[in-house]
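Analysis of the macromolecular model
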Amino acid sequence: MAVLKVKFTKTRRDKLAQILWILNWVSVVSGIILFSLGLFLKIEIKKRNEVMAKGDINSVPNMLISVGVIACIINFLGGKICYDCSDANKFSRWKLVMLPYIICTFCFTFCILVGSLMCYTMRNELEESLYLGLRDAIKFYKDTDIPGRCFLKKTVDLLQIGFHCCGNNGFRDWFEIQWVSPRYLNMASKDVLDRLKSNIDGKFLVDGVPFSCCNPSSPRPCIQYQLTNNSAHYNYDFLTEELNIWMKGCREALLDYYTGIMRSIGIAALLIWLFELSVLIGVRYLQTAMKNVLLLGNLEGESDGWLLENSFVETAKYNINIIKNLGKTNQISTVSSMNDPNINVQNTDCGKTNVTTKSIPEAR
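All figures in this text were calculated on a predicted structure; none of them were measured in a lab. (Residues numbered from 1 in each chain as written. Predicted model: local features only at pLDDT ≥ 70, side-chain atom pairs only at ≥ 80, totals over all residues. Heavy atoms only, no water.)

Let's shift gears to helix α4 (residues 123–139). Compared with an ideal rise of 1.5 Å per residue, which puts 17 residues at 24 Å, α4 spans 24 Å between its outermost C-alpha atoms and is within 8% of the ideal. Restricting attention to buried positions, one finds in α4 the residues Leu126, Ser129, Leu130, Gly133, Leu134, Ala137 and Ile138. Take α4 and look down its axis: the buried residues cluster within an arc of 145 degrees, on one side only. In α4, the exposed positions angled more than 90 degrees off the buried face are occupied by Asn124 and Glu128. Those residues of α4 hidden inside the fold are in contact with α5 (152–163) and α7 (250–296). (Helix = DSSP H or I, 4+ residues; strand = E, 2+ residues; numbered from the N terminus. Expected span 1.5 Å × (residues − 1). Buried < 20%, exposed > 50% of the residue type's maximum accessible area, 1.4 Å probe, protein only. Arc of directions from axis to C-beta. Contact = heavy atoms within 4.5 Å.)

Below is the structure:
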């Protein structure tokens, strides 16, 4: 029994073909949108590539870009097919192409669904990439004279100013590394020497943060050094006072930023998937209706259209059997050969037989 059978008159078939022709061109625009969203996400990730570790975070934008390009090609072809399907004579040239086209389009729409779901599942990979990348960037913050690292100070400063954040997990990350370049340390100062000697690794560690961590909206001048020393500042209590530096870590700030972008892209991709799926269903109805009208032989009459010719269970069993029999078409079954009446039949006289031919009487 056919699934979701619908009866189509010639007028309904023509209208369906015209509507699908328009919708396929709209789908070309949706493919351009997918391509643009993937390209936008790829550019946004590349902007802050210096503070991200190498990983699979580009898989989502690359997939969206690929699916967008394929959508433009497939829907352009679909528009041509639907335009020709308004004429039964023109449909005959696409009759053998439409079913493979529908199968390929179904796989393509499934890729759109996968791409939209990946926008919600890559948060963990992105968080790990940001953690490792920011850890290394902060670690090499002081290396302004080393090629390949000299740009990291500017990158981290702009990041902290732009995203209102400080450190990787928080401002205390700066307490654990030497972020002041040795060229700016006064080695004649006793305080500097004492700090270098007090650390087992010989690093100059301070309870301070770079200027880019300062909050310009704070009414009090920024306190970026000796943050934990109450006696170093007037009317200051480290434990109770609201510090005038950014409290949020840059990993959390960037993760929220990219999560918001990917959530929006995921919703857009999901809506495009639903739209593409509806167009695919319409093309399937058109293909079956046009196929049946050709079988009936009456191009002006009614015909049935459906999604599946048989039930879901029968269709699944049929496809499973096809998959099982792949690669077995050239094999000869011994059981079937035993029942073949053309095998083991003795040959009769293969020589020439004497056949008496009638002679044509001579005209007298």
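Right, picking up where we left off after that structure.
One simple way to see leftover space: roll a probe sized like a water molecule over the atoms. Approximately 180 Å³ is the volume attributed to the second largest pocket. If you go around the second largest pocket, the residues you meet are Tyr141, Lys142, Thr144, Lys153, Trp179, Val180, Ser181, Tyr184, Pro210, Phe211, Gln224 and Tyr225. Looking at side-chain class alone, the lining of the second largest pocket contains seven nonpolar, three polar and two charged residues. (1 Å grid on protein atoms, 1.4 Å probe; cavity = no way out; pocket = protein on both sides within 12 Å on 5 of 7 lines; lining within 4 Å. Points joined across faces, edges and corners; volume = space filled by probe spheres on them. Nonpolar A, V, L, I, M, F, W, Y, C, P; charged D, E, K, R; others polar.)

Okay, the nonpolar core next. Of all hydrophobic cores here, the largest spans 78 residues; its most connected members are Trp174 and Val209. In terms of residues, this core owes the most to one element, α7, which gives 18 residues. The contacts of Trp174, once residues within four sequence positions are left out, are Ile138, Tyr141, Val156, Gln160, Cys166, Gly167, Trp179, Val206, Gly208, Val209, Pro210 and Cys213. (Core = buried A, V, L, I, M, F, W, Y, C linked by side-chain atoms within 4.5 Å.)

Under the present numbering, the feature "transmembrane region" (unreviewed entry) in UniProt falls on residues 20–40, 60–78, 98–120 and 265–286. In the segment residues 60–78, helix accounts for 100% and strand for 0%; the C-alpha atoms at its two ends are 26 Å apart. Note that residues 98–120 is 100% helix and 0% strand, and that its end C-alpha atoms are spaced 34 Å apart. (UniProt positions renumbered as here; feature names shortened; annotations may be inferred.)

Okay, the packing of α4 against α7 next. Where α4 contacts α7, the two axes come as close as 10 Å, and the packing angle between them is 145 degrees. With respect to the hand of their crossing, α4 and α7 are arranged in right-handed fashion. Taken together, the residues of α7 that come into contact with α4 (itself represented by Arg123, Leu126, Glu127, Leu130, Tyr131 and Leu134) are Cys250, Arg251, Leu254, Leu255, Asp256, Tyr258, Thr259 and Met262. Tallied by class, residues from the contact of α4 with α7 come to nine nonpolar, one polar and four charged. (Axes fitted to C-alpha atoms, helices over the stretch in contact; angles between N-to-C directions. Left-handed = near helix turned anticlockwise from the far one by under 90°.)

Scanning all chains against the criterion turns up eight aromatic pairs. Aromatic pair Tyr141 and Trp174: ring centres 5.0 Å apart, planes at 70 degrees, arrangement edge-to-face. Of this pair, Tyr141 sits in the loop between α4 and α5 while Trp174 sits in the loop between α5 and α6 (190–198); the two residues are 33 residues apart in sequence, bridging distant segments of the chain. Among the residues examined, Tyr141 registers a relative accessible area of 2% and is labelled buried. Look at Trp174 and you get buried, because its relative accessible area is 0%. (Phe/Tyr/Trp six-rings, centres within 6.5 Å; stacked < 30°, edge-to-face > 60°.)

Among the secondary structure elements, Arg251 is positioned in helix α7. For Arg251, a relative accessible area of 19% gives the class buried. In this structure, Arg251 is in contact with Glu127, Leu130, Tyr131, Leu134, Gly167, Asn168 and Asn169, ignoring residues within four places of it in sequence.

Let us look at the pattern of salt bridges. Counting across every chain of the model gives nine salt bridges. Residues Arg48 and Glu44 are paired through a salt bridge, measuring 3.5 Å at the closest nitrogen-oxygen approach. Accessibility classification places Arg48 together with Glu44 in one group, the buried group. Across the pair Arg251 and Glu127 runs a salt bridge whose closest N-O atoms are separated by 2.9 Å. Taken together, the residues Arg251 in helix α7 and Glu127 in helix α4 connect sequence positions 124 residues apart. One network of salt bridges, in which partners are shared, links Glu44, Lys47 and Arg48. (Salt bridge = Lys/Arg side-chain N within 4 Å of Asp/Glu carboxyl O.)

Positive phi, close to 55 degrees, is recorded for His164, a residue that is not glycine. Mapping His164 onto the fold places it in the loop between α5 and α6. Residues other than glycine seldom take positive phi values, yet Gln226 does so here, at roughly 50 degrees. In this fold, Gln226 is placed in the loop between α6 and α7. With a relative accessible area of 35%, Gln226 lands in the partly exposed category.

We now examine the side chain of Asn244. Considering the arrangement of structural elements, one finds Asn244 in the loop between α6 and α7. Polar side-chain contacts of Asn244 include one of 3.2 Å to the backbone oxygen of Arg220. Separated by 2.7 Å, the side chain of Asn244 and the backbone oxygen of Pro221 make a polar contact. Discounting chain neighbours no more than four positions away, the residues touching Asn244 are Cys214, Asn215, Ser218, Arg220, Pro221, Cys222 and Ile223. (Polar contact = N/O pair within 3.5 Å; in protein donor to acceptor, adjacent residues only side chain to side chain.)

Running from N to C, helix α1 (residues 10–47) and α7 point in directions that differ by 155 degrees, and their axes come no closer than 9 Å. Classed by the angle they form, the pair α1 and α7 counts as roughly antiparallel. By crossing handedness, the relation of α1 to α7 is classed as left-handed. Grouping the constituent residues of the contact of α1 with α7 by class yields 27 nonpolar, four polar and three charged. (Parallel < 35°, antiparallel > 145°, perpendicular 65-115°, else oblique.)

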